[in-house]
Amino acid sequence: MQNRARERAGLVIFFALVLLGGVVLLGYFTTGLTWTVYATMLDDTVGNMEGYTAIVYSGTVAPEDDEEADDGAQDVIGAAGEAADGSDIPSFADSMGLRILSYYPGIYAEGYEGVYISEVRELYEQKEAEVVTIDALDVLAHPEPQVLHAGDKAIGIFGAGSYATRRVLEKEVAELREQGAQVVVCVTKRMALLSELDGIDVVVLTEHSDHQRTTGSRVGDTLVVQAPKTGEAGVVLLSSNNVASARSIDAL
């Protein structure tokens, strides 16, 4: 009887240690992710972006749509600044540096008073981030997978303009990975068009969402980012170990 009691006590202690180890490991990865995001914010502020990669794109959300949804978005985000899934993604200070390696100039209407992507490049190229610039709406119009290179970083990008099944998404992600993509970015109008997020590192939403914001929120391993308003620029920053964070620029 004593031996059985000892065995049971040993098993209880073993499982308790396994559970404790899992909690500690989860906390380590969560804390590590948070610290990496804060380190990105700090480097962005002081102007030392060497080793980072930035994905820059023009805002796509109509200002009136964004303003009408402000009250509802505040209810979802909450007073503590948490995302819909509880993740706390820090806002970026209004300073960053970029070196544009590929650039789509876009078409600006006469009298345009917003942020020019070329100005973002010119102002911050001295901070020495490797940067690739995309036209989010063009990606939706031409959704075929493509791999863009920023320094030694390979970024796979594809669009989902209509509902994408699991099979379709798995095929797109696999194709990009086979081409050497280290990071996979999906541009879509809204989350409802994606049946799953497996293998996708970043999702950029081109239409307004009450549940997302321009600084991003994490859904599993995926950073989901709301594109900013037209006239602004959105930026996804990738650390050297491919941890993604995001911000928007409304003035230079």
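Only a predicted model underlies this, so the values are computations on that prediction, with no experimental measurement involved.

Parameters and conventions
- Residues numbered from 1 in each chain as written.
- Predicted model: local features only at pLDDT ≥ 70, side-chain atom pairs only at ≥ 80, totals over all residues.
- Heavy atoms only, no water.
- Helix = DSSP H or I, 4+ residues; strand = E, 2+ residues; numbered from the N terminus.
- Buried < 20%, exposed > 50% of the residue type's maximum accessible area, 1.4 Å probe, protein only.
- Contact = heavy atoms within 4.5 Å.
- Areas by Shrake-Rupley, 256 points an atom, 1.4 Å probe, with all protein chains shown as cover.
- Expected span 1.5 Å × (residues − 1).
- Core = buried A, V, L, I, M, F, W, Y, C linked by side-chain atoms within 4.5 Å.
- Pairing = 2+ DSSP bridges.
- Axes fitted to C-alpha atoms, helices over the stretch in contact; angles between N-to-C directions.
- Polar contact = N/O pair within 3.5 Å; in protein donor to acceptor, adjacent residues only side chain to side chain.
- pLDDT = per-residue confidence, 0-100.
- Salt bridge = Lys/Arg side-chain N within 4 Å of Asp/Glu carboxyl O.

**Describing the overall build of the chain**
- Regarding its fold elements, the chain presents six helices and 11 strands.
- Expressed as a percentage of its 252 residues, the buried residues of the chain come to 43%.
- Excluding contacts between residues fewer than 6 apart, the proportion of contacts in the chain whose partners are at least 24 apart in sequence is 66%.
- Surface accessibility of the chain: about 13400 Å² in total, with carbon and sulfur atoms responsible for 53%.

**A few points about helix α6 (residues 166-178)**
- The end-to-end C-alpha distance of α6, which contains 13 residues, comes to 18 Å, matching closely the 18 Å that a straight helix rising 1.5 Å per residue would cover.
- Summarising the contacts, the buried residues of α6 are in contact with β4 (146-150), β5 (153-160) and β6 (183-188).
- Gly-180 sits one or two residues past α6 and shows a positive phi near 100°.

**Observations regarding the nonpolar core**
- Core analysis: the largest hydrophobic core is formed by 23 residues, its most contacted members being Ile-55, Val-185 and Val-236.
- Look past the residues within four positions of Val-185 in its chain and what remains in contact with it is Ile-55, Ile-155, Gly-156, Ile-157, Phe-158, Val-202 and Val-204.

**Considering the sheet that holds strand β8 (residues 217-219)**
- Spatial ordering of the open sheet is given by β4-β5-β6-β7-β9-β8, a layout of six strands whose pairing is mixed. Of all strands in the sheet, those bounded by a partner on one side alone are β4 and β8. Across the sheet, the mean angle separating the axes of adjacent strands is 30° when strand polarity is ignored.
- Along the sheet, α6 makes contact with β4, β5 and β6, crossing β5 at roughly 155°.

**Some remarks on the side chain of Arg-218**
- As for its placement among the helices and strands, Arg-218 is situated in strand β8.
- In this structure the side chain of Arg-218 is engaged in a polar contact, spanning 2.5 Å, whose partner is the backbone oxygen of Ala-244.

**Comments concerning the environment of Leu-238**
- Inspection of the secondary structure puts Leu-238 in strand β10 (residues 233-238).
- Here Leu-238 falls in the buried class, since its relative accessible area comes to 1%.
- Residues Leu-238 and Ala-129 lie 109 residues apart in sequence; the distance between their C-alpha atoms is 9.7 Å.
- Contact partners of Leu-238, with chain neighbours within four places excluded, come to Gly-51, Tyr-52, Thr-53, Ile-55, Ile-155, Val-183, Val-243 and Ala-244.

**Quick look at the pairing of β4**
- Bridging between β4 and β5 involves five bridges; their strand directions are antiparallel. Across the sheet, residue Gln-146 finds its bridge partner in β5, namely Ile-157.
- What sits between the antiparallel neighbours β4 and β5 is a turn of two residues, in which Gly-151 has the positive phi angle 65°.

**A word on the environment of Ser-217**
- Mapped onto the elements, Ser-217 comes out in strand β8.
- Sequence separation of Ser-217 and Ser-245 is 28 residues, and the distance between their C-alpha atoms is 8.8 Å.
- Among the polar contacts listed, one links the side chain of Ser-217 to the side chain of Gln-212, at a separation of 2.4 Å.

**Examining the confidence of the model for the chain**
- Per-residue confidence for the chain averages 76 on the pLDDT scale, and 67% of its residues sit at or above 70.
- Confidence over residues 20-30 falls short of pLDDT 50; this stretch has zero contacts with residues more than four positions distant or in other chains.
- Note on residues 71-106: pLDDT is under 50 here. Beyond four places in sequence and across chains, it has 98 contacts.

**Some remarks on the pattern of salt bridges**
- On inspection of all chains with the given rule, the structure shows five salt bridges.
- For Asp-201, the salt bridge identified is with Arg-177, shortest N-O distance 3.0 Å. Here Arg-177 lies in helix α6 and Asp-201 lies in the loop between β6 and β7 (202-205), a separation of 24 residues in the sequence.
- One continuous salt-bridge network, built from bridges that share partners, spans Arg-166, Glu-170 and Glu-196.

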